[in-house]
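The chain contents come next:
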Amino acid sequence: MNKKALKTFLANYALFRDLDEYEIDKIAEISITREWAKNSHVFMQGEPIENVYFIHQGKIKIYKSDINGREQIVNILKDGEMFPHVGLFRKGGYPAFAEVLEPSILAVVPITQFEKVLIDNPELSIKVFKVLGEKIVDLQERLEAQVLNNTYEQIIKLLIRLANLYGEKKQDGTVSLKAEFTNKDLASMIGTTRETVSRTLTKMKKEELLETDRNGNLLLDPEVLFNELL
């Protein structure tokens, strides 16, 4: 991506939409674009935090790994999102891995220079803090779900969250969730087993709480699932 294309991408990015041309130029000046192949890593857990990334195209999985190699998915990010959220105004190492799930093009911005741009542009800083606040609330809700809800309730809440984030809403109010999250992925997101997720989804299909189309996509109604929690 040349500088002109990079500037156009950044100008359309949600965070930067209200910046004028001069301010966009400042972001573009400190940015470069890079391509990552599927199954590669943007960074590894523990590596020094150096950059913040903006997804132009592709899909990135953020996950943690314990000493036994068990994986806990923190998030799945797509076009128009930034990461890592914990890297700003913080020293140390990346707290998670960033794995490329499909060929991706990212805008790479050195954190030290990005922080200077934020300091010089208070309105942009407020936008970034809003994004960080939303991520904190999301993580709090997921933690509460693990502490306060049984596995069945956690799976329902996870499906509702994924439907709101990534689902395609139909005219009848149902949502189509593409078959890009495996049962193993779903299990890793809430700290359970793939077998448990598989059994739960089968049970929910029998109870007509959701169904699968011919392409393997999940069809569900978030409101119906929410009522299951009441």
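On a predicted model such as this, the values are computed, not experimentally measured, just so you know.

Caption draft 1: Representation of the pattern of salt bridges in the model. All chains considered together, the criterion is met by 8 salt bridges. For Glu71, the salt bridge identified is with Lys61, shortest N-O distance 3.0 Å. Of the two residues, Glu71 is situated in strand E4 (residues 71-77) and Lys61 in strand E3 (residues 51-65); the sequence distance between them amounts to 10 residues. Accessibility expressed as a relative area gives 29% for Glu71, which makes it partly exposed. A relative accessible area of 8% means that Lys61 is categorised as buried. Between Glu207 and Lys203 there is a salt bridge; the shortest N-O distance is 3.0 Å. Look at Lys203 and you get partly exposed, because its relative accessible area is 39%.

Caption draft 2: Region of interest: unusual backbone geometry. Here the residue pair Phe83 and Pro84 is connected by a cis peptide bond, since its omega of -10 degrees sits within 30 degrees of zero. Along the polypeptide, Pro84 turns up in the loop between strand E5 (82-83) and strand E6 (97-110). Residues other than glycine seldom take positive phi values, yet Asn39 does so here, at roughly 75 degrees. On the secondary structure map, Asn39 appears in the loop between strand E1 (32-36) and strand E2 (41-43). Even without a glycine there, the phi angle at Glu208 is positive, about 60 degrees. Tracing the backbone through its elements, the reader meets Glu208 in the loop between helix H7 (194-206) and strand E9 (210-212).

Caption draft 3: Structural detail: the packing of aromatic side chains. The tally for this structure, following the rule as stated, stands at 8 aromatic pairs. Measuring from centroid to centroid gives 3.8 Å for Phe43 and Tyr94, while their planes differ by 5 degrees, and the two rings are stacked. Residue Phe43 is located in strand E2, and its partner Tyr94 is located in the loop between E5 and E6; the two are separated by 51 residues in the primary sequence. Under the relative-accessibility criterion, Phe43 is labelled buried at 3%.

Caption draft 4: Region of interest: the pairing of E6. Of all 14 residues making up E6, 10 are buried, and the element is well covered by its neighbours. Across 5 bridges, the pairing between E1 and E6 is antiparallel. The residue of E6 that forms the bridge with Thr33 is Ala107. Of the strand pairs in this sheet, E2 and E6 are connected by 2 bridges, and their pairing is antiparallel. Its bridge partner being in E6, Phe43 is matched across the sheet by Ala98. The sheet contact formed by E3 and E6 spans 11 bridges and is antiparallel. For Asn51, the partnering residue across the bridge sits in E6 and is Pro110.

About the thresholds
Positions within a chain are numbered from 1, following the residues in the order the chain's sequence is written. Two thresholds apply to this predicted model, a pLDDT of at least 70 for residue-level local features and 80 or more for giving and counting side-chain atom pairs, whereas whole-chain, interface and lining totals are computed over all residues. The basis for the side-chain values is all heavy atoms of the structure; hydrogens and waters are excluded. By convention in these notes, a salt bridge is any Lys or Arg side-chain nitrogen within 4 Å of a carboxyl oxygen on Asp or Glu. Under the DSSP-based scheme used, a helix requires at least four consecutive residues in state H or I and a strand at least two consecutive residues in state E, with every element numbered from the N terminus. Between buried and exposed lies partly exposed: a residue is buried under 20% and exposed over 50% of the maximum accessible area for its type, with that area taken using a 1.4 Å probe on protein chains only. Working definition: a ring pair exists when centres of Phe, Tyr or Trp rings (six-membered ring for Trp) sit within 6.5 Å. Plane angles under 30 degrees give stacked, over 60 give edge-to-face, the rest tilted. By definition, two strands form a pair when at least two bridges between them are found by DSSP.

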